[in-house]
Amino acid sequence: MPGLLRGVARTAVVAGTATAVSNRVSRRQAGRWQQQEYEQQQAYQQQQAPAPPPPAPPAGDDMSSKLDQLQKLGELKAQGLLTEEEFAQQKSRLLG
């Protein structure tokens, strides 16, 4: 009988240790996944940050300043900082 109890006790210790190690590994892995998800979310939010507002039209009405503003708007659009819709809106505001 003592041999049987010793075997049962050893099995219980091994099973308990295995469960504890498994739980610890699972918690550590979950923490790593959570950290990766947080970093990806931060990167996504930085990519989705609103574009800077386009430059305001100058106070003067001379044509050269309007052409300069249109050129700057075109450069912003070419860089991908302005969408087609934003570009058209700013262009009409500048010319209209």
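Keep in mind the model is a prediction, meaning the values are calculated, not measured.

Draft legend 1. View of the overall build of the protein chain. Helices and strands together make up the secondary structure of the protein chain, namely three helices and zero strands. Order of helices (α) and strands (β) in the protein chain, N terminus to C terminus: α-α-α. The buried share of the protein chain, reckoned over its 96 residues, is 9%.

Draft legend 2. Inspection of helix 2 (residues 63-79) at higher detail. Here helix 2 contains 17 residues, and its C-alpha end-to-end distance of 24 Å stays within 8% of the 24 Å for a straight helix at 1.5 Å per residue. Regarding helix 2, the residues found buried are Ser-65, Lys-66, Gln-69 and Leu-73. All buried residues of helix 2 project into a common sector of 100° when viewed along the axis, lining one side. With respect to the buried face of helix 2, the exposed residues turned more than 90 degrees away are Met-63, Gln-71, Ala-78 and Gln-79. Following helix 2 by one or two positions, Gly-80 has its phi on the positive side, about 90°.

Draft legend 3. Highlighting the pattern of salt bridges. Across all of its chains, the model carries one salt bridge by this definition. Here Lys-77 ties to Glu-84 by a salt bridge, and the two come within 3.0 Å at their closest N and O atoms. The partly exposed category is assigned to Lys-77, whose relative accessible area is 31%.

Draft legend 4. Just a positive patch on the surface, in detail. A surface patch of like charges, here positive, comprises Arg-24, Arg-27, Arg-28 and Arg-32. Along the chain, Arg-32 turns up in helix 1 (residues 2-47).

Draft legend 5. Up close: the packing of helix 2 against helix 3 (residues 84-95). The N-to-C vectors of helix 2 and helix 3 enclose an angle of 175°; their axes lie 10 Å apart at closest approach. Classified by the interaxial angle, the pair formed by helix 2 and helix 3 is roughly antiparallel. Where helix 2 approaches helix 3, its residues Lys-66, Gln-69, Leu-70, Leu-73, Gly-74 and Lys-77 are matched on the opposing element by Glu-84, Phe-87, Gln-90, Lys-91, Leu-94 and Leu-95. Residue composition of the contact of helix 2 with helix 3, by class: five nonpolar, three polar and four charged.

Draft legend 6. Structural view of the environment of Met-63. Within the secondary structure, Met-63 sits in helix 2. The exposure class of Met-63 is exposed, given its relative accessible area of 56%. Taking the C-alpha atoms as reference points, Met-63 and Leu-95, separated by 32 residues in sequence, lie 9.8 Å from one another.

About the cut-offs
Residues numbered from 1 in each chain as written. Predicted model: local features only at pLDDT ≥ 70, side-chain atom pairs only at ≥ 80, totals over all residues. Heavy atoms only, no water. Helix = DSSP H or I, 4+ residues; strand = E, 2+ residues; numbered from the N terminus. Buried < 20%, exposed > 50% of the residue type's maximum accessible area, 1.4 Å probe, protein only. Expected span 1.5 Å × (residues − 1). Arc of directions from axis to C-beta. Salt bridge = Lys/Arg side-chain N within 4 Å of Asp/Glu carboxyl O. Patch = residues over 30% accessible without salt bridge, like charges linked within 9 Å, V, L, I, M, F, W, Y side chains within 5 Å. Areas by Shrake-Rupley, 256 points an atom, 1.4 Å probe, with all protein chains shown as cover. Lys, Arg positive; Asp, Glu negative; His and termini not counted. Charge placed at Lys NZ, Arg CZ, Asp CG, Glu CD. Axes fitted to C-alpha atoms, helices over the stretch in contact; angles between N-to-C directions. Parallel < 35°, antiparallel > 145°, perpendicular 65-115°, else oblique. Contact = heavy atoms within 4.5 Å. Nonpolar A, V, L, I, M, F, W, Y, C, P; charged D, E, K, R; others polar.

Just distances and angles here, no functional claims.
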